[in-house]
Amino acid sequence: MATESTATPTATTAATATPAVNTAEHRPILEALHLDKKRIDDTLRNPKLTSDLVEIAQAAKVDAATGVPKEIGNLLYSIATEYPATGTKEARTIVLLHIVAGKITSKAQLLAAFELCGKGGVVSAEQLDVQCGVGVNLTQPQMDEAVKQLAEANPTAAPSALFKLIKAHTTLKWGDMAFLKKCADAHAKVAEQHAPAKAKPTAASTTTTAAAPKAKAPATMRFEDLVEDPALPAAVRADILECGKMQGKRVRVFGWVHHIRTQKSVTFVDLRDGQGFLQCVLTGPRVASEALLAQLLRESSVELTGVLNHLPEGKRAAGVATAQPLELIVDWWRIVGKSDVDLEKIVQPDSTVPQRFDQRHIIVRGERTSAVLKLRSVVMQCFREYLFAHKFTEVTPPTIVQTQCEGGSDLFEMNYFGEKAYMTQSSQLYLETVIPAVGPTFCVLPSFRAEQSRTPRHLAEYTHMEAEMPFIVFEDLLAHLEDTICTVCAAVLERAPQLVKYLNPNFEVPVRPFKRMTYREAINFCNEHHIINTETQLPFEYGQDITEKPEREMCALIGKPIFLMRFPVEMKAFYMKRPADDRSVTESVDVLMPGVGEIVGGSMRIDDYDELMAAYARNKLDPSPYYWFTDQRKYGTCPHGGYGLGVERFLMWMTADPHIRNMCLYPRHIQRCTP
């Protein structure tokens, strides 16, 4: 079991470590690919990627002494990171040799190559030549002339639409995309200038406008041509969540294009405004003009007006599971902020986990990730409301400290104006100093751990909800924890039932009472059920830490929340109180949940001055930096206890998500400090 602060319990790295990279042997091979120094250093920290890249370089017959051009090295690197297991080994080798031979020189050709490899079967060099446009050499005049002809054949196409046609063209798609983009911009504008001029309205036509049918769309539709009809009722501005009360009314909504689907003459846009999703229907020659829709790309920000209709019973928006059961029949729209076609290249279905987290700022716009962020907000609100209702006061202790709380091996050290300081592991010691001033108190702040853990439930920075209570006994602490968790879960389900159902349809409020089990009973349980110590590969012995995997196995077998109590003194932090009936253990508790393991750690605190001084000595700690903490035992001590809850772990349990990094906005863990 880990120490009290729950987001990063102590776990030895050895259990999850990967074989070390032979830097001296592998660096020259990576340097032969002419990768930049940072990329080489990052690669050497990833044994799997290093092994793959070395194998690729060897299969491509890269000479470590002479190397290959940087462009070829980048393509080989792309194979290791973007296409790690596509096609047979023989097919991959043919692709590699094509790259080194200079036949495949662009990412577009590489993508085409692996589309062919992914179909399976034998891939020949001749097939690859055809698939990848090998031998297609286009001069700039040839490309310019071909784009001009394409623009003339599609006179209503905007530059972005024309560029899409270029990328799908059998020959042009192998050209220089930067140059072709300039050609598309130039020739689309020329085509627009030569389009028939819009006739100026005459006095006669003006007087008959009201009685005449709606005008047809111009041959080349522009946003300036699409105007709101003044004869329609004024549109009421609304957020998507407000739309449920406005069925049958004309509204004005703003948001981002989440998905676009076109079926014959109808285009469906799933609109996202950060609060909800709404299906918008665009149809007709003006609203659904091909020239206008060609400029509408995913993640464009838009403004739309139209009438809200309720979807028929049993129907829902096809693109988004959590969309409102409504659709907006659009009568006018405009683009507020354009998006770009390169968005589709940023994150692809085969993108690796590191690539996805490099682009986390885009990923957070996704349905599940945004739902997690919203649920996190609701959870924090419900925790705060519960604690405020029970007369707790929220405070904000410092996160830059000069003392340790949980041990010195995983502290982030820093130079604080010439003095040694650390990023806090826990705010608990400071909370203890506050209870004589404000009574029960809590904080919600980041805590930091520098341990080298790579497990699915560890972070280097996590959100820590900690609380301290005066004049309580151990049973009071357990009762408070049980009531807090169950009450908050019920409140979250009441406030955000759709979010919880979407993220974890099987979630239920835990049943009381939680199972109680001592550390000694847990050791016996593991041995009786053949749950072995993953560090020794042997049965557990008393005094050994029950690490992540066996802890989760035990939780799965028991199948309900567990109060794991009374850990040996040697396993826990110096400040934990020992019960009168057994001085070898502490009045400590970890709350374990099925699927995750520990989400909370707590204890009664030492309240006797002499006992605290002995604890300092036993743990080889100099008491002088802790004078302010020790003084609590000199000036009106009292029995007190508290706990720390890892918010990300709580969310992992509630959403049944397999990895803690998915519970953060921008996770921080070993080898991840961006964006």
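Here, every reference points to the structure presented above.
Residues numbered from 1 in each chain as written. Predicted model: local features only at pLDDT ≥ 70, side-chain atom pairs only at ≥ 80, totals over all residues. Heavy atoms only, no water.

Things to note about the sheet that holds strand β7 (residues 393-394)
Basically, it comes down to this: Strand pairing requires that DSSP identify at least two bridges connecting the strands. Every helix listed is a DSSP run of H or I at least four residues long, and every strand listed is a run of E at least two residues long, numbered separately from the N terminus. The contact criterion used is simple: two residues touch if any of their non-hydrogen atoms lie within 4.5 Å. Axes here mean lines fitted to C-alpha atoms, for a helix over just the part in contact, with angles spanning 0 to 180 degrees between N-to-C directions.
An order of β7-β11-β12-β17-β16-β15-β14-β13 is seen for the eight strands of this open sheet, with the pairing classed as mixed. What marks the edges here is a single partner per strand, and that holds for β7 and β13 (515-518). As judged from the four bridges shared by β13 and strand β14 (residues 562-565), these two strands associate in the parallel manner. Counted as the bridge partner of T518 is M565 from β14. The strands touched by helix α17 (residues 428-438) are β7, β11 (441-448), β12 (461-470) and β17 (640-646); relative to β12, the strand with the most contacts, the crossing angle is about 35°. Sheet strands touched by helix α24 (residues 647-655): β12, β15 (588-593), β16 (597-604) and β17. Its angle to β17, the strand with the most contacts, is close to 60°.

Focus on the sheet that holds strand β10 (residues 419-423)
In any sheet, the strands associate via hydrogen bonds between backbone groups, in a parallel or an antiparallel arrangement. Taken together, the three strands give an open sheet; going across it, the order is β8-β10-β9, and neighbouring strands pair in antiparallel fashion. The sheet is open, and its two borders are formed by β8 (400-401) and β9 (412-416), each paired with just one other strand. Pairing of β9 with β10 involves five bridges; the strand directions are antiparallel. For N415, the partnering residue across the bridge sits in β10 and is K420.

Quick look at the side chain of S300
The following threshold applies: The cut-offs for exposure are 20% and 50% of the maximum accessible area for each residue type, with area from a 1.4 Å probe on protein chains only; residues under the lower value are buried, those over the upper are exposed, and the others partly exposed. Any pair of nitrogen or oxygen atoms within 3.5 Å is treated as a polar contact; in protein, a donor-acceptor pairing is required on top of that, and neighbouring residues in sequence qualify only through side-chain atoms on both sides.
When you line up the elements, S300 lands in the loop between α12 (290-293) and β5 (301-310). Residue class for S300 comes out buried when judged on its relative accessible area of 0%. Here the side chain of S300 touches S339 through a polar contact of 3.5 Å, landing on its backbone nitrogen. Setting aside residues no more than four positions away along its own chain, S300 makes contact with G255, W256, V257, Q295, G337, K338 and S339.

As for the pattern of salt bridges
Two side chains of opposite charge can pair, provided their charged atoms sit close to one another. We apply this condition: Think of a salt bridge as a Lys or Arg side-chain nitrogen and an Asp or Glu carboxyl oxygen that are within 4 Å of each other.
Throughout the structure, instances matching the rule amount to 30 salt bridges. With a closest N to O distance of 2.8 Å, K37 and D41 form a salt bridge. Placement of the pair is K37 and D41 together in helix α2 (residues 37-44), with a separation of four residues, close to one helical turn. With a relative accessible area of 60%, K37 lands in the exposed category. Residue class for D41 comes out buried when judged on its relative accessible area of 18%. In this structure, R512 engages D483 in a salt bridge whose closest nitrogen and oxygen atoms are separated by 2.9 Å. Remark: D483 occurs in helix α18 (residues 474-495) and R512 occurs in the loop between α19 (497-503) and β13; sequence separation between them is 29 residues. For R512, a relative accessible area of 41% gives the class partly exposed. Taken together, the salt bridges that share partners define one network made up of E228, R250, R252, E303, D331 and R334.

Distances and angles like these do not, on their own, reveal function.
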